[in-house]
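Geometric and topological summary
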Amino acid sequence: MGWSFKAIDALPEQQFRQWSKLLEERTGIKLTPQQKVLLQTQMSIRMRELDIARYDDYFSYVNKGTEGIAEWQILVDRLVVKETMFFRHAPSINYVKQLLEKRITKQMLSHSFEVWSLGCSTGEEPYSLAMVVNDCFEMASLKPYFGIMASDVSLPALAAARKGIYTERRMAFVSEEHRQHYFQSIDKYHFRVCDKLKQRVCFVQANILGLNKLPTHKMDVIFCQNVLVYFRKWRRREILNHLVSCLKPGGVLIVGLGEITNWQHSDVKRVANEEIQAYVKALN
């Protein structure tokens, strides 16, 4: 019987620390002791696929030349890419809709409305944002002068996002109106995002440790949900401080409820809404 049919040994604590250190150095992501099983499971599956029997050999492989770079991307993708859905946190997305409606009504839109979705995964979040933003422009009979930048560390996830094809399960919270307006049915179980929405979303690969290297303009909304939980508390604060600098005056930073506590910044004020965790940047 080949070794690939045998169970791989449990990941030793010393090697777990070694892998955790490498992951944090390269991506900023900090694994907790409770995530040891996740790391071991994903590595053992991949090692079987590559016919590698020892963790040490796999560690050497991901640190070897161009092959190692490609393999590292595959492993990170399996560790951090989670299944998501359209309109996953409706209160946060509705807040963006209300913000834009208010600006349109008060004629406060002098430039394009710009949104940034961090950790966009396979695209459900930025496409959800694009739908409600486009709704606002259409209801006001305005040209859709807006853009959504969507960034993620995973190339496979970004490739899936650009294709824009989703299963019925991912569409559970999409209204019938939005289905009719923004999707094309491929078959009974698969739907494709329409071209007019795709054209408004730009997907880019970005490591959150290198966000300052992105040539980005100031944003009206920065959506950073289910991202900060992967990082140490001090790094979460560092990331948020940088994101504040990327906001336009009056811009909004939206994070997941409870992802950061006791964080303050002199340029922003938290929105008084218990359903969301959002911060508005001062106008001056």
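Before going into details, it helps to say that this report is about the structure given with it. (Residues numbered from 1 in each chain as written. Predicted model: local features only at pLDDT ≥ 70, side-chain atom pairs only at ≥ 80, totals over all residues. Heavy atoms only, no water.)

**Concerning the packing of helix H1 (residues 13-27) against helix H3 (residues 55-62)**
Relative placement of two packed helices is described by the angle separating their axes and the distance separating the axes. Where H1 meets H3, the axes come as close as 11 Å, and the angle between the chain directions of the two elements is 15 degrees. Judged by the angle between their axes, H1 and H3 are roughly parallel. Crossing of H1 against H3: the hand is left-handed. Between H1, through Gln 15, Gln 18, Trp 19, Leu 22 and Arg 26, and H3, the contact on the second element is made entirely by Tyr 55, Asp 56, Tyr 58, Phe 59 and Val 62. (Axes fitted to C-alpha atoms, helices over the stretch in contact; angles between N-to-C directions. Helix = DSSP H or I, 4+ residues; strand = E, 2+ residues; numbered from the N terminus. Parallel < 35°, antiparallel > 145°, perpendicular 65-115°, else oblique. Left-handed = near helix turned anticlockwise from the far one by under 90°. Contact = heavy atoms within 4.5 Å.)

**Thoughts on the side chain of Thr 84**
Along the polypeptide, Thr 84 turns up in the loop between helix H4 (65-80) and helix H5 (90-105). For Thr 84, a relative accessible area of 11% translates into the label buried. Beyond its immediate chain neighbours, meaning those up to four positions away, Thr 84 contacts Ser 121, Thr 122, Glu 124 and Arg 170. (Buried < 20%, exposed > 50% of the residue type's maximum accessible area, 1.4 Å probe, protein only.)

**Section: the packing of helix H2 (residues 36-50) against H3**
Taken N-terminus to C-terminus, the directions of H2 and H3 make an angle of 80 degrees; their axes are 11 Å apart at the nearest point. With respect to H3, the element H2 is oriented roughly perpendicular. In this structure, H2 contributes Gln 40, Met 43, Arg 46, Met 47 and Leu 50 to the contact, and H3 contributes Tyr 55, Tyr 58 and Tyr 61. When grouped by side-chain class, the residues that make up the contact of H2 with H3 number six nonpolar, one polar and one charged. (Nonpolar A, V, L, I, M, F, W, Y, C, P; charged D, E, K, R; others polar.)

**Regarding the sheet that holds strand E4 (residues 183-187)**
Strand order in the open sheet formed by three strands is E3-E5-E4, and the pairing between neighbours is antiparallel. Unpaired on one side and paired on the other, strand E3 (165-167) and E4 mark the two borders of the sheet. Each strand of the sheet is rotated relative to its neighbour by a mean of 35 degrees, with strand direction disregarded. By the bridge criterion, three bridges tie E3 to strand E5 (residues 190-193) in an arrangement that is antiparallel. Within the sheet, the bridge partner assigned to Tyr 166 lies in E5 and is Phe 191. (Pairing = 2+ DSSP bridges.)

**Topic: empty space enclosed by the protein**
All told, the structure shown has two cavities of 30 Å³ or more when counted by the stated rule. In terms of residue class, the lining of the largest cavity is built from seven nonpolar, one polar and no charged. Approximately 30 Å³ is the volume found for the second largest cavity. Looking at the second largest cavity, the residues that line it are Trp 19, Leu 23, Leu 39, Trp 72, Leu 75 and Leu 79. For the lining of the second largest cavity, the elements supplying multiple residues, two or more each, are H1 and H4. (1 Å grid on protein atoms, 1.4 Å probe; cavity = no way out; pocket = protein on both sides within 12 Å on 5 of 7 lines; lining within 4 Å. Points joined across faces, edges and corners; volume = space filled by probe spheres on them.)

**Topic: the pattern of salt bridges**
Following the criterion strictly, the structure yields 13 salt bridges and no others. One salt bridge in this structure joins Glu 13 and Lys 36, with 3.4 Å as the shortest N-O distance. One end of the pair, Glu 13, is in helix H1; the other, Lys 36, is in helix H2, with 23 residues separating them in the sequence. With its nearest N and O atoms 2.4 Å apart, the salt bridge here joins Glu 124 to Arg 170. With a gap of 46 residues between them, Glu 124 in helix H6 (residues 124-139) and Arg 170 in the loop between E3 and helix H8 (176-182) connect regions that are remote in the sequence. Each member of the pair, Glu 124 as well as Arg 170, carries the same accessibility label: buried. A single salt-bridge network, built from bridges that share partners, covers Arg 46, Glu 49 and Glu 71. (Salt bridge = Lys/Arg side-chain N within 4 Å of Asp/Glu carboxyl O.)

**Comments concerning the pairing of strand E2 (residues 146-152)**
Burial within E2 is extensive, with seven of its seven residues counted as buried. Pairing of strand E1 (residues 113-118) with E2, which is carried by six bridges, proceeds in the parallel orientation. Bridge assignment links Leu 118 to a residue of E2, and that residue is Ser 151. Sheet topology note: the E2/strand E6 (residues 201-205) ladder contains five bridges and is parallel. Paired with Ile 148 across the two strands is Val 201, which belongs to E6.

**What to know about the packing of aromatic side chains**
One pass over the structure, following the stated rule, counts eight aromatic pairs. Their ring planes at 90 degrees and their centres at 5.4 Å tell us that Phe 86 and Phe 183 sit as a pair that is edge-to-face. Taken as a pair, Phe 86 in the loop between H4 and H5 and Phe 183 in strand E4 lie far apart in primary sequence, 97 residues in all. Of the residues examined, Phe 86 reaches a relative accessible area of 0% and is grouped as buried. (Phe/Tyr/Trp six-rings, centres within 6.5 Å; stacked < 30°, edge-to-face > 60°.)

Function-wise, these values are silent; they only describe arrangement.
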